[in-house]
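# Fold and geometry: a report
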Amino acid sequence: MTEALRAENLTKRFGAVTALDGVSLTLRQGEILGILGDNGAGKSTLMKILTGYETPTNGQLFVDGREVSLHSVDHARSLGIECVYQDLALANSLSVYHNMFLNREILRAGPLRLLDNRAMRRRATECLEGMGVQIPSVDLPVERLSGGQRQAIAVARAVNSDARILLLDEPLAAMGAREAGLIIDLLLRLKREGRLSIAMIMHNYAQTLDIADRIMLMQHGRVTYEKDAGATSVQELMEIVRREYRAVRGG
Amino acid sequence: MTGSRRRFLDAFARWQEASILVVALLLIAWFENANHDFLLTSASLENLSQFVAPAAIIACGEIMLMIGGEIDLSAGMVFALAPFVMYFAADAGIPLVPALILGILAAGAVGLVNGVVTLILGVPSFVTTLGTLFLVNGLTLTISHGTPVTPPGSPAFAEVMGAWGYSEILWTLLVVVVLHGVLRHTRWGLHTIASGANETGAREAGIHVTRLKIGNFVLVGVLSGFTGCLEAFRIGSIDPQAGGNQIMFLAVAAGVIGGTPLAGGSGTIIGGLIGALVLGVLNDGFTLIGINAFLFNIILGAAILAAMLFNIYITRLARKGGRA
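Treat the numbers as computed from the prediction; the structure is a model and nothing was measured.

### Digging into the overall build of chain A
The secondary structure content of chain A amounts to 8 helices and 10 strands. For 251 residues, the compact-globule estimate of 2.2 N^0.38 gives 18 Å, and the C-alpha radius of gyration of chain A, at 19 Å, lies within 12% of that figure. For the C-alpha atoms alone, the extent of chain A along its principal axes is close to 65 × 40 × 35 Å. With 251 residues in all, chain A has 44% of them scored as buried.

What follows is the structure, given as structure tokens:
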């Protein structure tokens, strides 16, 4: 299997704080990688580096085997890397279709560069239908949707932009079972289509093992464990984390 | 909540501009009934348009800022500065049109300073522009020695730039139409709304929020300076005390009454024009029916509060209705 994204020895320091301490990871073509870890383990910093939002202090990144140094979100995006952040990056007062095309609006021909709302509305509807996401209307402001629907819109927006590498920051956070089911179905559906490679930050071990092909555990800015999802279990992961707690308490 | 009630609230919320228009029309009808000279004479219509115009033009700029979650308190002082820059430029031998442009550019430069200090140095815009309010006021008083001067140029030029009774309101309509188009039909407007609704999110989506907001600060500066020049030509005198905080607060009030909350993330340019119209009607109406002018501020204050409560209440109800 070819690799879509590879990171080697990423380090990120914020002043005296080392958020990432030599993290390496490989995301293979068409797989879902689950990244687990406690708060403050460096998951979000890692995500922000992979999307070009932050630049690493040290380390290298490879997209499709070529070394790149991402200098902005736009740059990462031009390489096919899209991220859905935990805060969703949705503008609540804007309609679903404006959110789906935020910062890549369809414009009408002509020197005035006016927004083509009709085209955006139509494309947004098609895209959501194609992904099986059901909402009452693309004209609604997103503040009128449920948490699961909003997450689905955010994922659909990322996918709709011809992303090849999708990064998800806690896609199931604070979601009920039915809502989470909606997103899990969407992710599995995207995986079956096979165009996307997905890395997602997760909190819930059981859900992660359900969706992901591989899992990676981060602690204190390092990767401490990496395995195929089929070859590990919730018990095993819990045991590693418990050992860590005991070590902290004992030390 | 039942479907019909929800639809009603939806329509109401969307109807925001229309509802404030209804208020304006009711006020006009009432004053017209109380005093038949209120609108039907050309003198009072002119008078009304000249009250509405400056507040509405500056309101357009403030609304763009308010949608992005910022405010410019210095607008009224920039209003006074720009015509002096124009005057001194013309005095130094620069032709009239370039001199006018220099005045407006100076106003834009104050906006640029406001934007850079707020966005790049991280001072809240309320504080930044409070500082430049005094600074610019002092600057205007210093360069003018506190004395009014006569605007340069030919009478024809002055007529176009505000001296003819309806030229100011025509300029206003032009500004309103252009900025309404910018807000509703361009990426600039859409991104301004997005950056007010979710600044972090907008940045993460790759929107250049800093550039966008600095641009809107420059816009308010330019519009305030332009308005200052229009008023100078209309009155036939450039006064260092002109504009000031009164015009700035009227502009912000017009925006709020028209349906733009200070919280950011939503707003309407057309609403700002109608808001200015409501203020103008109240002001002229009270004068014409001979009610104490002090009452104007009481009514104005009440109108701002009522508009804000209406906004918050309707938005909250519509939101609640939307979640099944």
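There is more to say, and it comes next.
### With respect to the sheet that holds strand S6 (residues 81-84) of chain A
All names here are of chain A. Taken together, 6 strands build an open sheet; the order of strands is S6-S7-S8-S3-S9-S10 and the sheet is mixed. Sheet topology places S6 and strand S10 (222-228) at the edges, where each strand pairs with a single neighbour. Strand-to-strand twist across the sheet, computed as the mean angle between neighbouring axes with direction ignored, equals 20°. The pairing of strand S3 (residues 32-37) with strand S9 (residues 214-219) spans 5 bridges and is classified as parallel.

### Quick look at the interface of chain A and chain B
Of the residues lining the interface, 23 residues belong to chain A; the matching set on chain B comes to 20 residues. Looking at which element gives the most residues to the side of chain A that touches chain B, the answer is helix H2 (residues 73-78) of chain A, with 3 residues.

### Brief notes about helix H4 (residues 42-67) of chain B
In an α-helix, one full turn covers 3.6 residues, which means residues spaced three or four apart are oriented alike. All names here are of chain B. The terminal C-alpha atoms of H4, which comprises 26 residues, lie 36 Å apart, in line with the 38 Å expected from a rise of 1.5 Å per residue. Its maximal kink placed at Cys60, H4 deviates by approximately 25°. With 19 of its 26 residues buried, H4 lies for the most part within the structure. Two residues or fewer past H4, Gly69 is found with a positive phi of approximately 85°.

### Focus on unusual backbone geometry
Positive phi values are uncommon outside glycine, yet His220(A) reaches one of about 50°. Topologically, His220(A) is positioned in the loop between S9 and S10. Take His220(A): there are 15 C-beta atoms within 10 Å of it, and that puts it in the partly exposed class. In this model, His145(B) sits at a positive phi of 55°, which is unusual for a non-glycine residue. Within the secondary structure, His145(B) is located in the loop between helix H7 (125-144) and helix H8 (155-163).

### Here's the deal with the nonpolar core
Residue and element names in this part refer to chain B. Formed by 170 residues in total, the largest nonpolar core has its most connected members in Ala55, Ala56 and Cys60. When residues of this core are assigned to their parent elements, the largest contribution, 15 residues, is made by H4. Setting aside residues no more than four positions away along its own chain, Ala56 makes contact with Thr172, Val176, Ala254, Gly272, Leu273 and Ala276.

### A look at the environment of Ile304(B)
Residue and element names in this part refer to chain B. Within the secondary structure, Ile304 is located in helix H15 (residues 294-322). For the pair formed by Ile304 and Gly259, sequence separation is 45 residues and the distance between their alpha carbons is 10.0 Å. Setting aside residues up to four positions removed in sequence, Ile304 forms contacts with Ala253, Val256 and Ile257.

### Side note on the packing of H4(B) against helix H12 (residues 209-235) of chain B
Packed helix pairs are characterised by how far apart their axes lie and by the angle those axes make with each other. Residues and elements named next belong to chain B. One way to put it is that H4 packs onto H12 with a least axis distance of 7 Å and a crossing angle of 170°. As far as their axial angle goes, H12 and H4 are roughly antiparallel. Where H4 abuts H12, its residues Gln50, Pro54, Ile57, Ile58, Cys60, Gly61, Glu62, Met64 and Leu65 lie against Asn216, Phe217, Leu219, Val220, Leu223, Ser224, Thr227, Glu231 and Arg234. A class-by-class count of the residues in the contact of H4 with H12 yields 10 nonpolar, 5 polar and 3 charged.

### Here's the deal with the confidence of the model for chain A
Looking at chain A, pLDDT values average 87 and 99% of them are 70 or higher. Least confident of the elements in chain A is helix H8 (residues 234-250) of chain A, whose mean pLDDT is 82; most confident is helix H3 (residues 96-100) of chain A, at 93.

### Thoughts on the packing of H4(B) against helix H9 (residues 167-185) of chain B
All names here are of chain B. In the contact formed by H4 and H9, the axes pass within 8 Å of each other and the chain directions differ by 25°. Here H4 lies roughly parallel to H9, going by the angle between them. Here the hand of the crossing between H4 and H9 comes out left-handed. Every residue of H9 that contacts H4 at Ser49, Gln50, Val52, Ala53, Ala56, Ile57, Cys60 and Met64 is listed here: Glu168, Ile169, Thr172, Val175, Val176 and Leu179. Looking at side-chain class alone, the contact of H4 with H9 contains 10 nonpolar, 3 polar and 1 charged residues.

### Let's talk about helix H5 (residues 75-91) of chain B
Residue and element names in this part refer to chain B. Taking 1.5 Å as the rise per residue, H5 with 17 residues should run 24 Å; its terminal C-alpha atoms sit 25 Å apart, in good agreement. Among the 17 residues of H5, 15 are classified as buried, and the element is accordingly described as predominantly covered. Following H5 by one or two positions, Gly93 has its phi on the positive side, about 100°.

Quick notes on the rules
Residues numbered from 1 in each chain as written. Chains lettered and ligands numbered in written order. Predicted model: local features only at pLDDT ≥ 70, side-chain atom pairs only at ≥ 80, totals over all residues. Helix = DSSP H or I, 4+ residues; strand = E, 2+ residues; numbered from the N terminus. Rg over C-alpha atoms; globule rule 2.2 N^0.38 Å. Buried ≥ 20, exposed ≤ 12 C-beta atoms within 10 Å, placed from the backbone. Pairing = 2+ DSSP bridges. Axes fitted to C-alpha atoms, helices over the stretch in contact; angles between N-to-C directions. Contact = placed C-beta atoms within 7 Å. Expected span 1.5 Å × (residues − 1). Bend = angle between axes of the 7 residues up to and from the residue. Core = buried A, V, L, I, M, F, W, Y, C linked by C-beta atoms within 7 Å. Parallel < 35°, antiparallel > 145°, perpendicular 65-115°, else oblique. Nonpolar A, V, L, I, M, F, W, Y, C, P; charged D, E, K, R; others polar. pLDDT = per-residue confidence, 0-100. Left-handed = near helix turned anticlockwise from the far one by under 90°.

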